[in-house]
Amino acid sequence: VESKNWNPVLDWSNSNDDLLNREKLNPSEFHQYLTTSMEEDVVLLDVRNYYESKVGKFENAWCPPIRSFKGLPSYLTTHKDKLKGKTLLTYCTGGIRCEKATAYIRDFIQTDLTNGDGGEGIKTVKMLEGGIHNYLEWCKKEGVEDTKWLGRNYVFDARQSTDLETYSIHTTNSNNTEKEESNTNTLTKQNVNNLTFGTCTLCHAEQYHFIKCQAPQCHLILIRCPTTCSTINPYCCTDCEQFELMCQVDDKLLTKPRSACSCELLRREQLKE
């Protein structure tokens, strides 16, 4: 029986390597890449929105500062030269966005890079099957101690984010019915949470609560303490706070396009980097 800690060194020169010929990687295979093969020719791409990676991401991930998934194609087109000759690993929350991103990269970015004449393109594109959710389920089930995930996983429901302790292990009992059981090898929060993630943008305390900037025509998503800072100052910056006050004096401003606030301008600059 093979040890669950066994991590073979992947042979990048072998074009027949099973991992290199598959588009989807299960959590174990994805973990092998992150553990043994994160070299200069590997790019780990987070295809989620900018605020999702504020509370958690994989080590050494490239996190585009996009407000929504529809902004990813133009971002990748702008930075496509960074992908030349690279092996690209993609991940998202549950795998759906990775499916679309991988298809776009292969159908459009790769074509742009090669110019249809055999120029240097991307070596290969892989995705984490089932996304972060599936990876964290696997980590908890297998008792993985060297998880490459840092922080929490953003989710689109009332919880807003989850950590490794949230995930339960499902097994099948003698009656072939699913049950939950505890795992003595479960990692603690300290093992997976990097405290540089999840920081209130106002008081800088550790926090994983999201709000939208309350200023008209902004709505940037930011991290704020739910009972204090969110009430005291529900704006992303002083530009938005001042614009809100101006709208209270002149409500006609609400019907006119406003200039971008300093936070949004900074995000747009980061799109160019």
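Residues numbered from 1 in each chain as written. Predicted model: local features only at pLDDT ≥ 70, side-chain atom pairs only at ≥ 80, totals over all residues. Heavy atoms only, no water.

Moving on: the overall build of the chain. When helices and strands are counted, the chain shows 8 helices and 12 strands. Per-residue burial for the chain yields a buried fraction of 47% across its 273 residues. Considering only contacts in the chain between residues 6 or more positions apart, those separated by 24 or more positions represent 60%. By element, 48% of the accessible surface of the chain is carried by carbon and sulfur atoms, the whole surface being about 14700 Å². (Helix = DSSP H or I, 4+ residues; strand = E, 2+ residues; numbered from the N terminus. Buried < 20%, exposed > 50% of the residue type's maximum accessible area, 1.4 Å probe, protein only. Contact = heavy atoms within 4.5 Å. Areas by Shrake-Rupley, 256 points an atom, 1.4 Å probe, with all protein chains shown as cover.)

This part is about the sheet that holds strand β2 (residues 42-46). Taken in spatial order, the 4 strands line up as β1-β5-β4-β2 in an open sheet, and their pairing is parallel. Looking at strand neighbours, the two that pair on one side only are β1 (24-25) and β2, the edges of this open sheet. Pairing analysis gives 5 bridges linking β2 to strand β4 (residues 87-91), with the strands arranged parallel. Bridge pairing in β4 links D46 to Y91. Sheet strands in contact with helix α3 (residues 96-114) are β1, β2, β4 and β5 (124-128), and its direction is about 175° off that of β5. (Pairing = 2+ DSSP bridges. Axes fitted to C-alpha atoms, helices over the stretch in contact; angles between N-to-C directions.)

Our next topic: the environment of S262. Residue position: S262 is located in helix α8 (residues 262-270). For the pair formed by S262 and D239, sequence separation is 23 residues and the distance between their alpha carbons is 6.7 Å. Not counting residues up to four positions away in its chain, the partners in contact with S262 are C237 and D239.

A few words on the pairing of β4. In terms of burial, β4 is a largely internal element, 5 of the 5 residues being buried. Neither face of β4 is left uncovered, since the one carrying T87, L89 and Y91 and the one carrying L88 and T90 both have all their residues buried. Relative to β5, β4 is paired through 4 bridges, and the arrangement is parallel. Bridge pairing in β5 places L89 opposite K126.

For the rest of this paragraph, the subject is the pairing of β2. In terms of burial, β2 is largely enclosed, as 5 of its 5 residues are buried. A two-sided burial pattern is seen for β2, the buried positions comprising V42, L44 and D46 on one face and V43 and L45 on the other.

In this model, the chain carries a mean pLDDT of 76, and residues with pLDDT of at least 70 account for 74%. Predicted confidence in the chain is weakest over strand β10 (residues 178-181), with a mean pLDDT of 36, and strongest over helix α7 (residues 238-249), with 94. For residues 1-22, every residue scores under 50 in pLDDT, and the model assigns this stretch 34 contacts once sequence neighbours within four places are set aside. When the criterion is pLDDT under 50, residues 167-195 qualifies, and its contacts beyond four places in sequence or with other chains add up to 53 contacts. (pLDDT = per-residue confidence, 0-100.)

Moving on: the packing of helix α1 (residues 27-36) against helix α4 (residues 131-142). One way to put it is that α1 packs onto α4 with a least axis distance of 9 Å and a crossing angle of 90°. If you check the angle between α1 and α4, you find them roughly perpendicular. Contact with α1, carried on its side by P27, S28, F30 and H31, involves N134, Y135 and W138 of α4 and no other residues of that element. Taken together, the residues that form the contact of α1 with α4 break down as 4 nonpolar, 3 polar and no charged. (Parallel < 35°, antiparallel > 145°, perpendicular 65-115°, else oblique. Nonpolar A, V, L, I, M, F, W, Y, C, P; charged D, E, K, R; others polar.)

Attention shifts here to the packing of aromatic side chains. Per the counting criterion, the structure on display carries 11 aromatic pairs. Relative to F210, the ring of Y51 has its centre 6.3 Å away and its plane inclined at 70°; by these criteria the two rings are edge-to-face. Here F210 lies in strand β11 (residues 210-212) and Y51 lies in the loop between β2 and β3 (56-58), a separation of 159 residues in the sequence. We note that Y51, like F210, is buried. Judged by centre distance (4.7 Å) and plane angle (85°), the ring pair of F58 and Y91 falls under edge-to-face. (Phe/Tyr/Trp six-rings, centres within 6.5 Å; stacked < 30°, edge-to-face > 60°.)

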